[in-house]
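# Residue-level structure breakdown
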Amino acid sequence: MRYGRKILLVVMLTSFALAPMAARANTIIADLSKDHISIKSNFAGEKLLLFGAVEATVDGPISDIIVILRGPGENFTLRKKEKKLGVWVNNAAYDIGPLPGFYAVASTRKLSQMAPANVLREHSIGANAMSINFLSSNIEPSEQAEAIAGFIRLKQARALYAEAENGVQIIGGRLFRAEINLPSGMPVGTYVTEFFAFQNGRLVGYQTGELPVDIVGAGHILHQAAYEMPLVYGIGGVVMACFMGWGVATLFRRR
Amino acid sequence: MQIYLPIAEMSVNILTLIGMGGLVGFMSGMFGVGGGFLMTPLLIFVGIPPAVAVATEANQIVASSVSGGLAYWQRRAVDVRMGVILMTGGIAGSYAGVQLFKLLRELGQVDLLISLSYVLFLSVIGGLMLRESLNAIAATRRGQPLRARRPGTHSWILRLPLRMRFRQSKLYISVIPPLLIGFFVGTMSAIMGVGGGFIMVPAMIYLLRMPTNVVIGTSLFQIIFVTASVTILHSVENQTVDILLAFLLMVGGVIGAQFGAIVGQRLRGEQLRALLALIVLSVGLKLFLDLISRPDELFSVTRMGFGG
């Protein structure tokens, strides 16, 4: 399969190079090292390689490339601790969303140097450019900003939000590659990849794709059962425990 | 070697988990206690979400109380009738506990409930155990064995209505006190992920006046059913039981318990209890300090509807 994908890429690149300039709608093509991510029981995170090629425009070669991997959108509850009666307890709660559970952006240089802030915001490039929706109303702007900063900090601490401003390397002026770290706590669902080519602050190339992320194997069966058949799952846990306990008692008495 | 826990949704080193199971199993074998009240805080300390730690630990206790209880069952050291009354209260209590747990989870306060319950119980139990064992050690030094303390008879409690004959325990008492004790311990079991033997056993001896030879067997017998009920209810209401995590803890736990029992037989009872008391107090102190010291990060995030 790895081979198949390489051949595909070669074919893509060749046809890309041969195609006449005018007929081309896009100046960037890209692919991933995997077409899906399987979280097996020994999953401890992995690296995803994103690669492709850019074609020079009439204005010259392209050197500003941005790669984004975005997890499925979810609503989150954010809580802030406060000291009450000497104990730190969750106090204020903010419901926010939908926001990606995972968000990684890699680029050839600082995002702010590639395009003006309004363009970045328009395409939701960078965690700070994401529009964060508060589902509860009447929250002071300063409080909102603090909560948003806290949210991004929490996600970064678990490697679920990442920004690498030198994360995309250009090879020979045409090919590019980027690596994104997938941590073990990544949420499951359909991820979206986005590839942007900028030139002089203008978007000149764009491609998007999908990357399904699933739990597989025994973990998948347990996860599925826990949420879809919780009664059967619970009884299963008890039966397993009874057998383990009984087995152990029998085993050690014989000795 | 890392293993991905499907409900906790995190990767943990498999040897860490088996080692923790082994360590707590060793201590429970050595001291003759269930170990849930040490394992749940330990799971929280390594980063398992508290709600998952509690529910999963209940599942593990089902296994350890089955393996411990079988020996008492075969020796006929179980008062089945008393066990059934206790577990009736216990199952009702576990239902109440799980509902309270679910409600506070939605409010984002379940971690606080778990921590506060632990700080309270660990400091009371640890303090009482330490005092009693230090007294015993001092008495042995003076050369006079300490007389077993029998607190004043609360016989009016046992003479409440709805009296029943418990042949195995040679008692004719009201079912109200065992129902209430069962209910209280069942609630605790659901909130803290413990079997509750450390409350149940003294309550049976001092409040119900049961003969000591059936106390531990009966306690283990009813713990099996109450923790089974806690496991199923948490699965249904909160989806917080991680069977894979429970399995790994069981593997470590049973091995540790066998070695612990061997070591425990060679050590002196009072010193052993003083040591356990110190461990219990230090776990309680750690949880207390975590509650009162300013956290590095004031914010916490959960998926909406998955509070706590």
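Residues numbered from 1 in each chain as written. Chains lettered and ligands numbered in written order. Predicted model: local features only at pLDDT ≥ 70, side-chain atom pairs only at ≥ 80, totals over all residues. Heavy atoms only, no water.

## What to know about the overall build of chain B
Within chain B, the secondary structure is distributed over 11 helices and five strands. Relative to the globule expectation of 19 Å for 308 residues, the C-alpha radius of gyration of chain B, 20 Å, shows essentially globular dimensions. Dimensions along the principal axes, computed over C-alpha positions, put chain B at roughly 55 × 45 × 40 Å. Going through the 308 residues of chain B one by one, you find that 55% of them count as buried. Accessible area of chain B: about 13600 Å², with a carbon and sulfur share of 65%. (Helix = DSSP H or I, 4+ residues; strand = E, 2+ residues; numbered from the N terminus. Rg over C-alpha atoms; globule rule 2.2 N^0.38 Å. Buried < 20%, exposed > 50% of the residue type's maximum accessible area, 1.4 Å probe, protein only. Areas by Shrake-Rupley, 256 points an atom, 1.4 Å probe, with all protein chains shown as cover.)

## Observations concerning the interface of chain B and chain A
Listed per partner, the contact involves 52 residues of chain B and 56 residues of chain A. Together, the buried faces of chain B and chain A total about 4700 Å²; carbon and sulfur atoms form 67% of this surface. Summed over the shared surface of chain B and chain A, the result is two salt bridges. Glu74 of chain A serves as the salt-bridge partner of Arg303 of chain B, at 3.8 Å between the closest nitrogen and oxygen. The interface formed by chain B and chain A includes 15 residue pairs in polar contact (both at pLDDT 80 or more). (Contact = heavy atoms within 4.5 Å. Buried area = accessible area lost by both parts, 1.4 Å probe. Salt bridge = Lys/Arg side-chain N within 4 Å of Asp/Glu carboxyl O. Polar contact = N/O pair within 3.5 Å; in protein donor to acceptor, adjacent residues only side chain to side chain.)

## A word on the packing of helix H3 (residues 50–74) of chain B against helix H9 (residues 212–238) of chain B
Residues and elements named next belong to chain B. Running from amino to carboxyl end, H3 crosses H9 at an angle of 150°, the nearest separation of the two axes being 8 Å. Comparing the axis directions of H3 and H9 gives the class roughly antiparallel. Pair H3 / H9 crosses with left-handed handedness. Along its contact with H3, which presents Val54, Ala55, Ala58, Asn59, Ile61, Val62, Ser65, Val66, Gly68, Gly69, Tyr72 and Trp73, the element H9 presents Ile216, Gly217, Leu220, Phe221, Ile223, Ile224, Thr227, Ala228, Val230, Thr231 and His234. Of the residues belonging to the contact of H3 with H9, the class tally is 15 nonpolar, eight polar and no charged. (Axes fitted to C-alpha atoms, helices over the stretch in contact; angles between N-to-C directions. Parallel < 35°, antiparallel > 145°, perpendicular 65-115°, else oblique. Left-handed = near helix turned anticlockwise from the far one by under 90°. Nonpolar A, V, L, I, M, F, W, Y, C, P; charged D, E, K, R; others polar.)

## Examining a nonpolar patch on the surface
On the surface, a nonpolar cluster with roughly 570 Å² of combined accessible area is contributed by Leu231, Ile235, Val239, Phe243 and Trp246 of chain A together with Val236 of chain B. Looking at the nonpolar patch element by element, the count peaks at five residues for helix H6 (residues 230–254) of chain A. Within the element layout of this structure, Val239 of chain A appears in helix H6. (Patch = residues over 30% accessible without salt bridge, like charges linked within 9 Å, V, L, I, M, F, W, Y side chains within 5 Å.)

## Some remarks on the sheet that holds strand E7 (residues 103–107) of chain A
Residue and element names in this part refer to chain A. Within the open sheet, the six strands sit side by side as E2-E12-E11-E4-E7-E8. Their pairing is mixed. Unpaired on one side and paired on the other, strand E2 (37–39) and strand E8 (161–164) mark the two borders of the sheet. Sheet twist, expressed as the mean angle between neighbouring strand axes with direction ignored, is 15°. (Pairing = 2+ DSSP bridges.)

## Thoughts on the environment of Pro295 of chain B
The residue Pro295 of chain B is located in the loop between helix H11 (269–292) and strand E5 (299–303) in this model. Pro295 of chain B has contacts with Lys81 and Trp88 of chain A, leaving out every residue within four places of it along the chain.

## Considering the domain arrangement of chain A
All names here are of chain A. Domain boundaries assigned for chain A yield domain 1 (2–215) and domain 2 (216–255). Summed over both partners, the interface of domain 1 with domain 2 comes to about 390 Å²; 65% of that surface belongs to carbon and sulfur atoms. At the surface where domain 1 touches domain 2, the tally comes to zero salt bridges. Along the contact surface separating domain 1 from domain 2 lie two residue pairs in polar contact (both at pLDDT 80 or more). Mapped onto the side of domain 1 that touches domain 2, the elements with two or more residues apiece are E2 and strand E12 (202–215). Along the lines of polarity and charge, the residues of the side of domain 1 that touches domain 2 split into two nonpolar, one polar and two charged. (Domains from an automatic or database assignment.)

## As for unusual backbone geometry
Residues and elements named next belong to chain B. Despite not being glycine, Glu9 has its phi angle at roughly 55°, a positive value. At Gln239, a position not held by glycine, the phi torsion is positive, near 50°. Position of Gln239 relative to the elements: it lies in the loop between H9 and helix H10 (243–266).

## Comments concerning the packing of aromatic side chains
Two numbers describe a pair of aromatic rings. These are the distance of the centres and the angle of the planes. Residue and element names in this part refer to chain A. For the structure shown, the criterion picks out 13 aromatic pairs over all chains. Here the aromatic rings of Tyr94 and Phe134 are separated by 6.1 Å at their centres, their planes lie at 85°, and the arrangement is edge-to-face. Of this pair, Tyr94 sits in strand E6 (residues 87–100) while Phe134 sits in the loop between helix H3 (117–122) and helix H4 (141–157), placing them 40 residues apart in sequence. A relative accessible area of 4% means that Tyr94 is categorised as buried. A centroid spacing of 6.4 Å and a plane angle of 85° characterise the contact between Phe243 and Trp246, whose relative ring orientation is edge-to-face. With a gap of three residues between them, Phe243 and Trp246 both fall in helix H6, about one helical turn apart. Assessed through its relative accessible area of 56%, Phe243 is described here as exposed. (Phe/Tyr/Trp six-rings, centres within 6.5 Å; stacked < 30°, edge-to-face > 60°.)

## Side note on the nonpolar core
Residues Leu5 and Ile48 of chain B are the most contacted members of the largest nonpolar core, which totals 92 residues. Among the elements that take part in this core, helix H5 (residues 110–142) of chain B stands out by supplying 11 residues, more than any other. In contact with Leu5 of chain B, not counting residues within four places along its chain, are Met10, Val12, Leu17, Ile48, Asp242, Leu244 and Leu245 of chain B. Core analysis: the second largest hydrophobic core is formed by 59 residues, Ile66, Ile68 and Leu111 of chain A together with Phe299 of chain B among them. (Core = buried A, V, L, I, M, F, W, Y, C linked by side-chain atoms within 4.5 Å.)

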